[in-house]
2 protein chains.
Amino acid sequence: MISSVWTREQRPRAGLSQDRIVAAAVELLDADGLEALSMRTLAARMDTKATSLYRHVANKDELIELVVDEAYGEMEVPAEGPWRTSVADAARSLRAVVLRHPWVASVLGQVGLAELGPNLSDRSARLLALFVGAGFPDDEADLAMKTMLGYVVGMTVSEAAYVQLLARSGQSEDELVVRGVTSKALRDKTFEYGLERVLAGLGEGRS
Amino acid sequence: MISSVWTREQRPRAGLSQDRIVAAAVELLDADGLEALSMRTLAARMDTKATSLYRHVANKDELIELVVDEAYGEMEVPAEGPWRTSVADAARSLRAVVLRHPWVASVLGQVGLAELGPNLSDRSARLLALFVGAGFPDDEADLAMKTMLGYVVGMTVSEAAYVQLLARSGQSEDELVVRGVTSKALRDKTFEYGLERVLAGLGEGRS
DNA sequence: GCGTCATGCGAACACTGTACGCAGATCGCG
DNA sequence: CGCGATCTGCGTACAGTGTTCGCATGACGC
């Protein structure tokens, strides 16, 4: 087919690119959850066809790794300040990211913190620096960080799974709360309690 | 086709049942991981056809819930003893279960601790009793338990994801350790450090 | 012995991830 | 400008997925 001037610039196209694909995938995931993500539906959103995506992304698995790391990019780690509040803020930020993108929880067991993309490894480094700055000896700082991350991840994964279940059930959160299910406010309190206790425990053993 | 005496009792059949299906699924999952589980392959192992399974299990999703709860059945919660050692033992037991069945981690974000089957809800109750027995006021016991579970789940999910990645990579663990990757012994130490710190933090705030 | 009900299963459907090869666009170089 | 090479989108196709429906065959109660 000849591309007349009319059809040419019709769709500015802007061209597919890994970044644009990842961005569109995040959007789709936020809207419809993990199981709604297929190469074909994603392609449809960007109005292309599935096979075109493979020029910029090797796998669906690779795409998911990219998308997860993209989410970690939203995590904020304070650069300075008293260590307990800085670490607590970082923890809250991580929790916020996962609750904002609950599908992250769905793939954590598969992608894990194992394959670390640039964003996650950057955040880990900054977090580690907080502990070192707090006076933890180098090797213990690593252990302390992992302890704190373990708590936040575990707590938040469960919470995200729960929130997604709520969403699927179609009922509003308020309705369910009446039936004895935990509310957002209560989950916040729960998280804060545990976070404080964990940090207290870590503080006890420092340098 | 007539069923002669020969073909009749050839396969004692024993009949399909939900329990047998769940057991076979656990076996398959332990051997080949989550993504190797399809209704057809599972059926083939029990030599039946996929559609027969649906007489005893509503969904693949339901099957997975059942299988996960089955795994939780292996978790041991001590009934008595000083609270810190009892709770620590329960935590270690939970970690052991997940490491023995790493696919549990793969579905935690989807099934979560949200849909609790009989085994999980039983273990939660027993665990809660430990905290209550330790002198935590009733409402705080729940928070403390969730804190501890959060830590164990988060830590262990990451570890299981990592172990599965190792398995897929085909290389032996020893080879990778040389290249600076954490060894089993080190992961044990890490877990124990965090567990101790978390329990210390919880103890600080009790009754 | 007969009707009822539970069970296994063959066929089919809509959908998935992805390999392959062709076409058209784009770009570097003469 | 022109031409070859390389890049990009995509149509087609394949093997595999979860699941539904309807038929047949077996077991069981009366």
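(A) Layout of the overall build of chain A. Counting secondary structure elements, chain A contains 11 helices and zero strands. Sequence separation of at least 24 residues holds for 67% of the intrachain contacts in chain A that already meet a minimum separation of 6. Roughly 10600 Å² of accessible area belongs to chain A as shown, and the carbon and sulfur atoms make up 53% of that amount.

(B) Fine view of the interface of chain A and chain B. Taken residue by residue, the interface counts 37 residues in chain A and 37 residues in chain B. Interface area, chain A with chain B, both sides summed: about 2900 Å², of which 65% is carbon and sulfur. Three residues, G109, Y193 and R197 of chain A, lead the burial of chain A against chain B; their summed loss comes to 20% of the area buried on that side. On inspection of chain A and its partner chain B, the count reaches zero salt bridges. Seen at the junction of chain A and chain B, the total is four residue pairs in polar contact (both at pLDDT 80 or more). At the level of secondary structure, the elements contributing two or more residues to the side of chain A that touches chain B comprise α7 (103–111), α9 (138–169) and α11 (184–204) of chain A. With 17 residues, α9 of chain A is the single largest residue contributor to the side of chain A that touches chain B. Along the lines of polarity and charge, the residues of the side of chain A that touches chain B split into 18 nonpolar, 13 polar and six charged.

(C) Representation of the environment of L108 of chain A in the model. Residues and elements named next belong to chain A. Note that L108 resides in helix α7. Accessibility expressed as a relative area gives 6% for L108, which makes it buried. Sequence spacing of L108 and V157 is 49 residues, and the spatial spacing of their C-alpha atoms is 8.2 Å.

(D) View of the relation of the copies chain A and chain B. For the pair chain A and chain B, the best superposition has an RMSD of 0.0 Å and corresponds to a rotation of 180° with a translation of 0.0 Å parallel to the axis. Within this description, the copies of the chain are treated as partners about a two-fold rotation axis. When the interface residues of chain A are mapped onto chain B, 100% of them again fall at the interface, so both copies present the same face.

(E) Inspection of the protein's contact with DNA strand D at higher detail. In the vicinity of DNA strand D, 21 residues are found, and the nearest of them are T48, R55 and H56 of chain A together with R40 and K60 of chain B. Counting only the atoms of DNA strand D that lie within 4 Å of the protein, the sugar and phosphate share comes to 45%. Interatomic distance of 3.0 Å between a backbone N/O atom of L16 of chain A and a phosphate oxygen of DNA strand D. Contact distances for DNA strand D include 3.2 Å between a phosphate oxygen and a side-chain N or O atom of S38 of chain B. For the surface near DNA strand D, the secondary structure elements donating two or more residues are α4 (50–53) of chain A together with α3 (39–45) of chain B. Of the residues belonging to the surface near DNA strand D, the class tally is five nonpolar, nine polar and seven charged.

(F) Examining the packing of aromatic side chains more closely. Within the structure shown, the criterion is met by eight aromatic pairs over all chains. Ring centres of W83 of chain A and F131 of chain A lie 6.0 Å apart, and the angle between their planes is 50°; this geometry places the pair in the tilted category. Here F131 of chain A lies in helix α8 (residues 118–133) and W83 of chain A lies in helix α6 (residues 83–100), a separation of 48 residues in the sequence. On the basis of relative accessible area, F131 of chain A is assigned to the buried category, the value being 0%. Where F131 of chain B meets F136 of chain B, the ring centres are 5.5 Å apart and the plane angle is 70°; that geometry is what we call edge-to-face. Through successive ring pairs, a cluster of aromatic residues spans W83, F131 and F136 of chain A. The ring centre of F191 of chain A lies 4.7 Å from the NZ or CZ of R95 of chain A, which sits over that ring.

Procedures and definitions
- Residues numbered from 1 in each chain as written.
- Chains lettered and ligands numbered in written order.
- Predicted model: local features only at pLDDT ≥ 70, side-chain atom pairs only at ≥ 80, totals over all residues.
- Heavy atoms only, no water.
- Helix = DSSP H or I, 4+ residues; strand = E, 2+ residues; numbered from the N terminus.
- Contact = heavy atoms within 4.5 Å.
- Areas by Shrake-Rupley, 256 points an atom, 1.4 Å probe, with all protein chains shown as cover.
- Buried area = accessible area lost by both parts, 1.4 Å probe.
- Salt bridge = Lys/Arg side-chain N within 4 Å of Asp/Glu carboxyl O.
- Polar contact = N/O pair within 3.5 Å; in protein donor to acceptor, adjacent residues only side chain to side chain.
- Nonpolar A, V, L, I, M, F, W, Y, C, P; charged D, E, K, R; others polar.
- Buried < 20%, exposed > 50% of the residue type's maximum accessible area, 1.4 Å probe, protein only.
- Least-squares fit on C-alpha atoms with pLDDT ≥ 70 in both.
- Near = heavy atom within 4 Å.
- Phe/Tyr/Trp six-rings, centres within 6.5 Å; stacked < 30°, edge-to-face > 60°.
- Lys NZ or Arg CZ within 6 Å of the ring centre and 35° of its normal.

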